[in-house]
Amino acid sequence: MRELFDVVLNEADVPLTRDHLAAAMQDCDVLVPTVTDRIDADLIAGAGERLGLIANFGAGTEHIDLAAAAARKIIVTNTPGVFTDDTADLAMAMIIGVPRRIREGTGLVRRGEWTGWTPSGLLGRKLAGKVLGIIGMGRIGQAVAHRARAFGLEIAYYNRKPLPEALERMLGARYVADVDALMGEADILSLHCPLSDETRGLIDVQRIALMKKGACIINTARGELIDQEALIAALQSGHLAGAGLDVYPDEPNVDRRLIDHPNVMTLPHIGSATTEGREDSGHKVIANIRMWADGHRPPDQVLTALVRG
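Scoring rules and cut-offs
Residues numbered from 1 in each chain as written. Predicted model: local features only at pLDDT ≥ 70, side-chain atom pairs only at ≥ 80, totals over all residues. Heavy atoms only, no water. Pairing = 2+ DSSP bridges. Helix = DSSP H or I, 4+ residues; strand = E, 2+ residues; numbered from the N terminus. Contact = heavy atoms within 4.5 Å. Axes fitted to C-alpha atoms, helices over the stretch in contact; angles between N-to-C directions. UniProt positions renumbered as here; feature names shortened; annotations may be inferred. Buried < 20%, exposed > 50% of the residue type's maximum accessible area, 1.4 Å probe, protein only. Right-handed = clockwise from strand over helix to strand, strands pointing away. Phe/Tyr/Trp six-rings, centres within 6.5 Å; stacked < 30°, edge-to-face > 60°. Salt bridge = Lys/Arg side-chain N within 4 Å of Asp/Glu carboxyl O.

(A) Focus on the sheet that holds strand E2 (residues 53-55). What the 3 strands build is an open sheet, ordered E1-E2-E3; its pairing is parallel. Edge strands, defined here as strands with exactly one partner in the open sheet, are strand E1 (30-31) and strand E3 (75-77). Alignment of E2 against E3, held across 3 bridges, turns out to be parallel. Across the sheet, the residue bridging to Ala-55 is Thr-77, located in E3. Strand contacts of helix H12 (residues 275-293): E1, E2 and E3, with the helix running at about 165 degrees to E2, the strand carrying the most contacts.

(B) Representation of the UniProt feature "domain: D-isomer specific 2-hydroxyacid dehydrogenase NAD-binding" (unreviewed entry) in the protein chain. Mapped onto the present numbering, the UniProt feature "domain: D-isomer specific 2-hydroxyacid dehydrogenase NAD-binding" (unreviewed entry) falls on residues 92-271. Across residues 92-271, the secondary structure splits into 34% helix and 17% strand, with the terminal C-alpha atoms separated by 11 Å.

(C) Structural context of the pairing of strand E8 (residues 215-219). Burial analysis of E8 places 5 of its 5 residues in the buried class, the great majority of the element. Bridging between strand E7 (residues 188-191) and E8 involves 4 bridges; their strand directions are parallel. Directly across from Ile-188, in E8, lies its bridge partner Cys-216. Following the chain from E7 across helix H9 (residues 205-210) to the adjacent parallel E8, one finds a crossover that is right-handed. Judged from the 5 bridges that link them, E8 and strand E9 (residues 240-245) form a sheet pairing that is parallel. Note on E9: the bridge partner recorded for Ala-215 is Leu-240.

(D) Quick look at the UniProt feature "domain: D-isomer specific 2-hydroxyacid dehydrogenase catalytic" (unreviewed entry) in the protein chain. Using the residue numbers shown here, the UniProt feature "domain: D-isomer specific 2-hydroxyacid dehydrogenase catalytic" (unreviewed entry) corresponds to residues 10-302. Segment residues 10-302 splits into 36% helix and 13% strand. End C-alpha atoms: 24 Å apart.

(E) Here's a closer look at the packing of aromatic side chains. A complete count under the given rule lists 1 aromatic pair for this structure. Between Tyr-157 and Tyr-175, the aromatic rings sit 5.3 Å apart at their centres with planes inclined by 55 degrees, giving tilted as the arrangement. Of this pair, Tyr-157 sits in strand E5 (residues 154-158) while Tyr-175 sits in strand E6 (residues 173-175), and the two are 18 residues apart along the sequence. You can call Tyr-175 partly exposed: its relative accessible area is 26%.

(F) Up close: the pattern of salt bridges. With the rule as written, the count across this model stands at 18 salt bridges. Notably, a salt bridge pairs Arg-222 with Glu-62, separated by 2.2 Å at the nearest N-O pair. Here Arg-222, found in the loop between E8 and helix H10 (228-237), pairs with Glu-62, found in the loop between E2 and helix H3 (66-71); they are 160 residues apart in sequence, far enough to count as distant. With relative accessibility at 17%, the residue Arg-222 sits in the buried group. For Arg-256, the salt bridge identified is with Asp-260, shortest N-O distance 3.1 Å. Of this pair, Arg-256 and Asp-260 both sit in helix H11 (residues 256-260), 4 residues apart, which is roughly one turn of that helix. Of the two residues, Arg-256 and Asp-260, both sit in the exposed class. Ionic contacts of the salt-bridge type, sharing partners, join the residues Asp-27, Asp-29 and Arg-50 into one network.

The structure is reproduced here in C-alpha cells:
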C-alpha cells in the first residue's frame, strides 16, 4: 500500500480508539477497517467529504453501518472467499476435537494428572454416522461439509435457500427447511451464517433444548449468534457435551465459565489467522482501492440490499 498510495497505517496490533477513527475519517479518501473497528452511523455522518470508499479487511461487514454509508454515497467493499479454507479447517478441528474431548485430555497431561491408559478413560464419541448440522451453507459451510464427509459424518443443513441438487449430491448434504428441525437432528451443530438482526441470538434457550443430550455446538462465525447464557446453562447441566468456540459476543472478553468447562475449546478468534489468508485479503483490499481510484466499480462492492435480503 505504501508503494501505491499516500497512506497512514496503524502498525500496532491493537484497534484504534473511536476518537482516532473519527480523526482518521476526517482527512482520507479511503478507510481500511478490520472487524474490530465499529464504523457506525455517527462516525460515517461525521466523516470528511473526501471519504468515498470503506475497503474492509475481511469478509464480514456487520461492524459497518451499510445504510449510513450508502446515504453518504460511500462505497463499501470486503474480501470474500480468501478465508474459506482457513476457517473451515479450524471448524473441522473443533468438530473432531470436542466429541473426542481433546481439550480435557491435553489438560490432564499438562497438569501432570494423567495416570495412564484405562479402559474407560476419557471416552468420547466417534464421528462416523453422526449428524453434522450446518446453519449457513455459503462458501465456508460448503467447505466444512466437504471436509466432514471424509470423516463419515451425515451432513444436514439449513440455509435461506437450498443448494442446487448437483451441489448437494457432490457434498452429500441434505437440506432441512426449518432451523428447529435441524437442531433436533444434529449431534454436532456448526454455525456459518452471517450476523444480522434476524440471526442475532439465533441459538437460544428454546433451540438448545431441542438438541439431543450429549450434542455439541461449534461456532467460528460470530459470537452474537448464540445466547451465551443459554449455552453455558446447557453445558453446566450436561445437556450439551461440549462446545468449540472461536468467537464471543464481547470480544476479547471470554466468560470464565466457558474457560473453566473441561470440554469447551476456547480459541482466540483465529479462524482466518494464516499468513496466506491475511496476505490474500490484503491483495483484495488493494485491488478494490485501485479499481475505485480508477473510476471503476470495485470487484467486491457490498450491496446493502443483498446484505439485508
